[in-house]
Amino acid sequence: MVSSWDLMHSPFASVMGINHVPSMGEMLRLKALLAVPRTELNRLEMEIAHTQSVLDGLLRQKEKIQSYIEAHQALMSPIRQIPSETLADIFVWCLPADRNAVRSLKEAPLLLTTICRNWRQVALDTPRLWNSLHIFLPPYLSDIAVSKRAIGVKTWLQRSGSLPLSISFHVKPQFSAPPTTTTTTMDFSNRLKLLIRTLVPFGHRFGNLFLSLPSTELGAFDVLSMCQFPMLQSFRVRDANVFYGFFYPPGPWNDGTSSENASRVPFAPLLNQMPALKRLEVAEISIRDGGHLTLPLNWGLLTDLNLQGGDSTTDYCHAVRVTEAFDILRKTSNLQNLQISIVLMPDHPFDSTSLGMIHLPQLGSLRIKFMRFQPDDRSIPAQVSSVFQYISPPSLKLLSVSWTNPFPMGSALNEIPFPTLETLEIAMEMTPEALTGWLSCVPELTSFKFEDLGCPSGAESLFAFTSTFRDSHLLALTPSHDNPSPLCPKLTTFRMSNHLFPTETRISSSALLGFVQARTPALKTFDLFFDRDQSFAENDLIELRKLKKNGLQMRLHYAKYPLHEEDLPSDGLHPRPDHQPPFIAKRNQMSDMEGVFGTDRVV
């Protein structure tokens, strides 16, 4: 019977699948031919329906039994056997490690309150889940929403018991009239003060505080002037206007006496209430010349100081002058970590002979960003070299130096007096000889990161560059029979990025291969980024790829750029989001080891 349904045995097999038009006689024969198969099809459909009915019944019984089993198995689940104290410890590990918790049902701790009744109760009874909070106030929140947010903040912090609090408070400035759809009777300042008053009762437990407010609104915290912060050890402050790029405050070269400078620092009164402060970060806030020294701080207690706010290459208003930097360091003998931006001013009276050695016995990390105010100031080399010449950090392990403006330093920085360094990061113009001098001074170095900003090809040229890093440096770092005492013998991490485009690269694949082979297996990470493809020998690249397969973390890659100009039908209808080409905007960023359009890997 089954074979009778085979199309190959049909009397019409020869005309199937073509545009054959059957005759009247063929039509009668086709109708007679299909009578039996149609009867058989009806029988099969009835049998399938019956079988499906039986199967559906069996599946329902299976699901019912399975649900019965799962419901009882859940009672034996290991998670139910975990004591509440252990479950609370697990919950704490769910909190974000690099920031404060946020008011989101998609993250801990609020997420943990939505799972089941038991988890909710454990979460609510665990103060460690509620002693950090990030608060955000947008400019056009309705009165009802602001009131609800204040109640939520209060409830959140009450759950933290008596633990020290970590609070970050970020306000987005209001730059225009609120939308007509926003129901509000309070102005922006009053909405801000409502949240501040909510925080007042918890001020005595603040351990870590980050304020990101418009500078004009930082004074609103005067309401807390009667509240001490006896437990506060870390304070970070930022001007939200500058953060959003809407306001550019005056620079440190403006006139003003020291007392006037202090009175113009909007967060200064708060510092009077922080007797235990150890960590201070002032980001993107204009403080006039000498104003940092007038801050009411117990400088001797500071262990961490960050005065390196902002990434703009003309961000002078957030920097200090050289002599002010020295005055600050004389007051902070217990510093362990320092980040500072130093602006080099042409009219700044600078006499290195009057400087005495500054001892910083506990300083372990130093990050310096230099900014040049005028391109033709010939006092710059003396100012820069004094920073390294007159400080004595015997325990310094990390040094990061960046330079935001081109200037031919000449021989002013041919060495650094920090032999204890283990990590060195450089993003500045320097001659090849100066780089060799730096590397020869750091025998304990294990990690080296270098952004090659080149060196002027002529003594007076500011814009014609050649690469600083060359084969000679690789050879000096490579142990060999001819070089039994290489530079930096303990090096394990090497990262270099070259953003000079177009320029002549002074590195060969043979020198790269010799360095990597000689340093393996001590060398763990080797990362080399170029702004364009390099003409490396394929045989050398094959050997480098073999080393990578053997476990070395290695990358040789270069930036990708569009092969042709964009040709979009909608181009010109809408403004581009960036007025600056991305490959220009990404320059001079020391952390940039990738290309704007991605990278192509060589190894």
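Up top is the structure these notes are about.
Source: prediction; values computed, not measured.

A. Representation of the pairing of strand E16 (residues 493-498) in the model. Within E16, 5 of the 6 residues are buried, which leaves it mostly tucked inside the rest of the structure. As paired elements, strand E13 (residues 447-452) and E16 share 6 bridges and run parallel to each other. When the sheet's bridge partners are listed, Glu451 is paired in E16 with Ser497. Direction of pairing for E16 relative to strand E17 (residues 525-530): parallel, over a ladder of 6 bridges. Its bridge partner lying in E17, Phe494 is registered against Phe526.

B. Representation of the pattern of salt bridges in the model. For the structure on display, the rule yields 13 salt bridges. Arg555 is the partner of Asp527 in a salt bridge, and the nearest nitrogen-oxygen pair spans 2.6 Å. Taken together, the residues span a long stretch of sequence, with Asp527 in strand E17 and Arg555 in strand E18 (residues 553-559) at a distance of 28 residues. Just as Asp527 is buried, Arg555 falls in that class too. Overlapping salt bridges bring together Glu40, Arg43 and Glu47 as one network.

C. Structural context of helix H1 (residues 24-75). The end-to-end C-alpha distance of H1, which contains 52 residues, comes to 74 Å, matching closely the 76 Å that a straight helix rising 1.5 Å per residue would cover. Buried residues of H1: Glu26, Glu40 and Gly57, and no others.

D. Spotlight on the nonpolar core. Counting residues in each nonpolar core, the largest one holds 128 residues, and the members touching the most others are Phe169, Phe235, Phe448 and Phe494. In contact with Phe448, not counting residues within four places along its chain, are Leu424, Ile426, Leu435, Leu439, Phe469, Leu491, Thr493, Phe494 and Arg495.

E. Spotlight on the packing of aromatic side chains. In total, this model carries 15 aromatic pairs according to the counting rule given. Pairing Phe448 with Phe450 gives two aromatic rings, centres 6.0 Å apart and planes at 15°, and the pair type is stacked. Like Phe450, Phe448 is buried. Three or more aromatic residues link up through ring pairs in this structure, and these residues are Phe448, Phe450, Phe469, Phe494, Phe515 and Phe526. The aromatic ring of Phe210 is capped on one face by Arg236, whose charged end is 4.0 Å from the ring centroid.

F. Representation of the side chain of Thr198 within the structure. Looking at the secondary structure, you find Thr198 in helix H6 (residues 188-199). Accessibility expressed as a relative area gives 12% for Thr198, which makes it buried. Polar side-chain contacts of Thr198 include one of 2.9 Å to the backbone oxygen of Leu194. Non-local contacts of Thr198, meaning those with residues more than four positions away in its chain, are made with Ala150, Val153 and Lys154.

Each value, and the rule that gives it
- Residues numbered from 1 in each chain as written.
- Predicted model: local features only at pLDDT ≥ 70, side-chain atom pairs only at ≥ 80, totals over all residues.
- Heavy atoms only, no water.
- Buried < 20%, exposed > 50% of the residue type's maximum accessible area, 1.4 Å probe, protein only.
- Helix = DSSP H or I, 4+ residues; strand = E, 2+ residues; numbered from the N terminus.
- Pairing = 2+ DSSP bridges.
- Salt bridge = Lys/Arg side-chain N within 4 Å of Asp/Glu carboxyl O.
- Expected span 1.5 Å × (residues − 1).
- Core = buried A, V, L, I, M, F, W, Y, C linked by side-chain atoms within 4.5 Å.
- Contact = heavy atoms within 4.5 Å.
- Phe/Tyr/Trp six-rings, centres within 6.5 Å; stacked < 30°, edge-to-face > 60°.
- Lys NZ or Arg CZ within 6 Å of the ring centre and 35° of its normal.
- Polar contact = N/O pair within 3.5 Å; in protein donor to acceptor, adjacent residues only side chain to side chain.

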